[in-house]
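So you can see what is in the structure, the chains are spelled out below.
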Amino acid sequence: MPAILEHSLGLAPVTELKNIGDKFAEKLAKLGIQHIQDLLFHLPLRYQDRTRITPIGALHPNSDAVIEGEIRLADVVFGKRRSLAVRLQDGTGTVTLRFYHFTAAQKNNLKIGTRIRCYGEARRGKSGLEFYHPEYKFVDDLSAAPTEETLTPIYPSTEGLTQARWRQLMDQVIHHLKRGRAIDDLIPAELLTPFSLPDLRQALLYLHRPPAGADLFELEARQHPAQKRLIMEELLAHHLSLLKMRAEMQIDPAPKLPTANQLRDKLLSQLPFSPTGAQLKVESEIQTDLASGVPMLRLVQGDVGSGKTLVAALSALSALEQGFQVALMAPTEILAEQHFINFKTWFEPLGISLAWLAGKVKGKAREATLNAIANGEAKMVIGTHALFQKDVEFSNLGLAIIDEQHRFGVHQRLSLKEKGKGFSPHQLIMTATPIPRTLAMSAYADLDTSIIDELPPGRTPVNTVAIDQQRREQIMSRIQAACTDGKQAYWVCTLIEESESLEAQAAEVTAQELQTRLPDVKIGLVHGRLKPQEKADIMTAFKQGDIDLLVATTVIEVGVDVPNASLMIIENPERLGLSQLHQLRGRVGRGTAESHCVLLYQSPLGQQGKQRIQAMRDTTDGFKIAEIDLEIRGPGEVLGTRQTGLMQMRIADLQHDGYLLNDIKQWAHMCQQQAPSVVDPLVQRWLGENVRYGQV
Ligand code: ADP
Ligand code: MG
């Protein structure tokens with residue numbers, strides 16, 4: 001770390017300030033505040049304007065103001081609730097101060113003729129504008145007490161820390177700042193000018209003590225340049241850390257893999273359809289990366305059913321034709337299984353040997369598979385996370401494909417890099433559901449992005465309805481009718497607990513209930529507790545039409561593909577997240593028949609449950625659903641637990657500040673070019689101990 005940082009104000013511990021004992025320091029530490037710079041970055045939530053007195057006649061309803069006047073009337077009134085009403089008058093008008101709780105002393109002090117100054121919010125009340133429980137002080141005592149010189153900051157706080165304490169603490173820091181003790185401005189002036197941003201000291205002084213006359217609306221909208229300066233610095237630091245990560249992944253070269261024209265033609269000629277324009281576009285983006293000799297780091301987004309698997313298969317061929325191995329990892333066993341079956345049908349006719357590896361593959365079978373992977377006999381290796389465990393050694397891994405569903409963290413991708421021998425394998429990440437744009441731009445800034453923005457022809461949008469559990473009977477009759485008609489259906493059981501065995505139990509009970517009620521319907525049951533072979537058998541039977549109704553837990557959420565299934569019932573959809581619901585619904589609407597999705601909810605619905613169900617009824621567009629999901633749940637949740645750390649920002653808030661990300665991309669580039677030495681300190685300042693990806 002450069003010497004200048006060691007002596008800077010920012011990195012001094014808060015205990016250097018006066019009046020900070022151990023207990024207090026502990027409280028601050030709980031808020032993540034250890035150094036003075038942490039304090040400085042602890043920005044006010046909002047501000048009050050106590051810098052000037054507003055004439056009573058100029059008050060606006062629903063806004064905060066300081067007023068001053070003489071008491072003309074003070075009465076206890078007995079309405080619905082007893083209250084003390086005080087009429088206050090200045091030269092311009094009168095207003096009522098109303099107290100529902102008051103002491104006798106208070107009542108006695110607020111005497112007619114007394115002058116007081118109040119601070120509070122003016123609201124419309126019984127008698128015109130009223131202030132409810134305003135702060136007030138007697139002006140006679142403090143004759144001509146000055147108003148505040150700056151706006152009054154309100155800090156985010158924790159129990160036992162008053163605003164007064166915060167202000168006193170900040171006053172000390174500001175005193176140092178004003179006296180010129182430097183906080184390191186890591187961003188040089190030439191990088192600030194293009195965005196008209198103030199320097200750090202200026203920005204901090206402004207935000208902790210905005211001058212009288214500062215625009216409160218601008219501040220509230222997070223639009224003031226001082227705010228932007230800090231928000232952008234934090235976003236920049238996060239972005240730079242991802243770029244560092246990317247650079248690290250690309251240190252070693254990757255094999256050059258030209259397009260495998262022969263294998264490609266063979267595969268395509270086997271298929272009953274041709275690739276969509278969108279699939280071809282994304283394929284060619286991937287092929288360019290693969291041929292470059294630099295490890296590909298590419299994210300493919302596409303809505304459920306857009307045909308990501310084929311794109312993955314075509315990319316795999318490029319590696320396979322050059323004699324390299326390909327690994328395909330799926331988040332769940334059932335999906336990995338399905339990929340295995342798919343790829344087997346596609347690749348075996350091309351003479352490509354496949355291997356299957358999951359956590360549940362044990363003993364001799366495991367040993368044999370590991371050997372085949374290590375000696376290069378197995379070319380296309382498909383499995384779950386088990387693929388990337390330490391004991392799995394590849395002979396010459398050229399491409400790793402991850403079908404991820406937000407579950408595969410960046411640090412895991414780093415470990416994947418280690419699976420290459422002397423070079424790094426290319427990485428292709430496919431998301432199971434679309435990611436909102438702002439999240440993709442921030443959380444996946446280390447990846448190039450391709451979007452499959454077109455569904456294969458002939459799909460009809462799924463018709464979604466929400467029905468109360470009380471009408472369960474009716475739904476069962478509907479299934480009966482559909483199945484008699486040759487259609488197939490899913491019945492999805494959900495549980496709150498993340499327990500596979502409880503979930504399995506619930507599904508078993510439901511399957512029995514349905515069988516009793518619908519004796520003529522062929523019912524199958526699939527859940528996470530079944531053996532892989534049992535699961536595979538049931539899925540095959542369903543696919544072949546030997547089962548009419550498949551009762552399932554959410555294990556079928558990702559990837560399962562049975563085009564003839566056109567009806568889906570989701571029990572208690574209110575328990576699931578939006579992207580999960582969308583993913584589930586994506587299991588129907590894959591064939592040409594009109595499909596229906598019934599959300600069988602349990603009333604009463606909570607606020608979020610209602611919003612989610614409404615969103616499901618409103619749209620089948622995965623990108624729109626992802627945006628709504630982000631609005632409802634916030635970034636951390638949308639990205640999944642593994643990556644929540646990623647989105648823990650101190651000042652920036654992707655929901656409000658996401659629009660800045662285009663600038664950030666450009667800024668990060670400028671920073672790397674013009675001020676490479678500040679990259680590490682910036683990342684250190686904002687990500688600190690949380691540096692997420694191993695080495696930064
Ligand atoms: P996802 O993007 O959700 O992973 P899949 O790759 O599972 O989608 O594809 C969904 C279904 O669409 C599969 O049955 C697949 O065979 C089929 N499919 C893929 N591409 C096309 C295409 N170009 N035309 C018609 N059907 C296609
Ligand atoms: Mg898929």
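Calculation notes
Residues numbered from 1 in each chain as written. Chains lettered and ligands numbered in written order. Predicted model: local features only at pLDDT ≥ 70, side-chain atom pairs only at ≥ 80, totals over all residues. Heavy atoms only, no water. Pairing = 2+ DSSP bridges. Helix = DSSP H or I, 4+ residues; strand = E, 2+ residues; numbered from the N terminus. Axes fitted to C-alpha atoms, helices over the stretch in contact; angles between N-to-C directions. Contact = heavy atoms within 4.5 Å. Expected span 1.5 Å × (residues − 1). Buried < 20%, exposed > 50% of the residue type's maximum accessible area, 1.4 Å probe, protein only. Arc of directions from axis to C-beta. Disulfide = S-S within 2.5 Å. Phe/Tyr/Trp six-rings, centres within 6.5 Å; stacked < 30°, edge-to-face > 60°. Lys NZ or Arg CZ within 6 Å of the ring centre and 35° of its normal. Core = buried A, V, L, I, M, F, W, Y, C linked by side-chain atoms within 4.5 Å.

Visitor: Go over the sheet that holds strand β20 (residues 565-571) with me, naming the residues and quoting the values.
Guide: Within the open sheet, the 6 strands sit side by side as β16-β21-β20-β17-β19-β18. Their pairing is parallel. The sheet terminates laterally at β16 (463-468) and β18 (523-526), the two strands that pair on one side only. Mean inter-strand twist for the sheet, computed between neighbouring axes without regard to direction, equals 20°. Sheet analysis places β16 next to strand β21 (residues 596-601), joined by 6 bridges and oriented parallel. Residue pairing for β21: alanine 466 is matched across the bridge by leucine 599. Of the strands in this sheet, β17 (488-492), β18, β19 (549-552) and β20 are in contact with helix α19 (residues 532-543), which crosses β18 at around 145°.

Visitor: Pulling in residues and values, what's your account of helix α17 (residues 472-484)?
Guide: For α17, built from 13 residues, the straight-helix expectation of 18 Å at 1.5 Å per residue is met to within 8% by its first-to-last C-alpha distance of 19 Å. Taken residue by residue, α17 has Arg472, Ile475, Met476, Ile479, Ala482 and Cys483 as its buried positions. The arc that holds the buried residues of α17, viewed along the axis, is 120°, so those residues lie on one side. Lining the buried residues of α17 we find β16, β17, α18 (500-517), β19, β20 and β21. After α17 finishes, the residue glycine 486 shows a positive phi value of roughly 90°.

Visitor: How would you sum up the state of the cysteines? Please name residues and give values.
Guide: Disulfide: a covalent bond connecting the sulfur atoms of a pair of cysteines. Using the criterion set out here, one finds 0 disulfides in the structure. Between cysteine 597, a cysteine without a disulfide, and cysteine 493, which holds the nearest cysteine sulfur, the sulfur-to-sulfur distance is 14 Å.

Visitor: Before we move on, can you summarise the packing of aromatic side chains with the specific residues and values?
Guide: Applying the stated criterion across every chain, the model contains 11 aromatic pairs. Here phenylalanine 41 and tryptophan 686 contribute two aromatic rings whose centre-to-centre distance is 4.5 Å and whose plane-to-plane angle is 25°, an arrangement assigned as stacked. Of the two residues, phenylalanine 41 sits in the loop between α3 (36-40) and β1 (46-48) while tryptophan 686 sits in helix α26 (residues 679-687), which places them 645 residues apart along the sequence. Both residues of the pair, phenylalanine 41 and tryptophan 686, belong to the buried class. Taken together, a centroid distance of 5.9 Å and an interplanar angle of 90° make the contact between tyrosine 136 and phenylalanine 138 edge-to-face. Taken together, the ring pairs connect Phe99, Tyr136 and Phe138 into an aromatic cluster. When the ring centre of tyrosine 119 is taken as reference, the NZ or CZ atom of arginine 50 above it lies at 4.1 Å. Sitting above the plane of the tyrosine 100 ring, arginine 81 keeps its charged end 4.3 Å from the centroid.

Visitor: Please give an account of the nonpolar core that cites residues and values.
Guide: Of all hydrophobic cores here, the largest spans 143 residues; its most connected members are Leu317, Phe347, Met380 and Trp667. Broken down by element, this core gets its largest block of residues, 11 residues, from helix α9 (residues 225-249). With residues near it in sequence (within four places) discarded, phenylalanine 347 still touches Leu267, Ala313, Ala316, Leu317, Leu320, Ile352, Leu354 and Met380. Val462, Ala552, Ala565 and Leu584 belong to the second largest nonpolar core, which has 34 residues in total.

Visitor: Which residues make up unusual backbone geometry, and what values do they have?
Guide: Proline 604 follows serine 603 through a cis peptide bond whose omega is 0°. In this fold, proline 604 is placed in the loop between β21 and α21 (607-618). Unlike most non-glycine residues, arginine 222 shows phi in positive territory, near 60°. Inspection of the secondary structure assignment puts arginine 222 in the loop between α8 (216-220) and α9. Here asparagine 572, not a glycine, exhibits a phi torsion of approximately 50°, which is positive. Mapped onto the elements of the fold, asparagine 572 is located in the loop between β20 and α20 (578-585).

Visitor: Report on the pairing of strand β6 (residues 128-132), specifying residues and quantitative values.
Guide: The sheet contact formed by strand β4 (residues 93-99) and β6 spans 3 bridges and is parallel. Among the inter-strand pairings, threonine 96 is bridged to a residue of β6, identified as glutamate 130. Alignment of strand β5 (residues 115-125) against β6, held across 4 bridges, turns out to be antiparallel. Residue pairing in the sheet places arginine 123 in a bridge with glutamate 130 of β6. Between the antiparallel neighbours β5 and β6 lie 2 residues.

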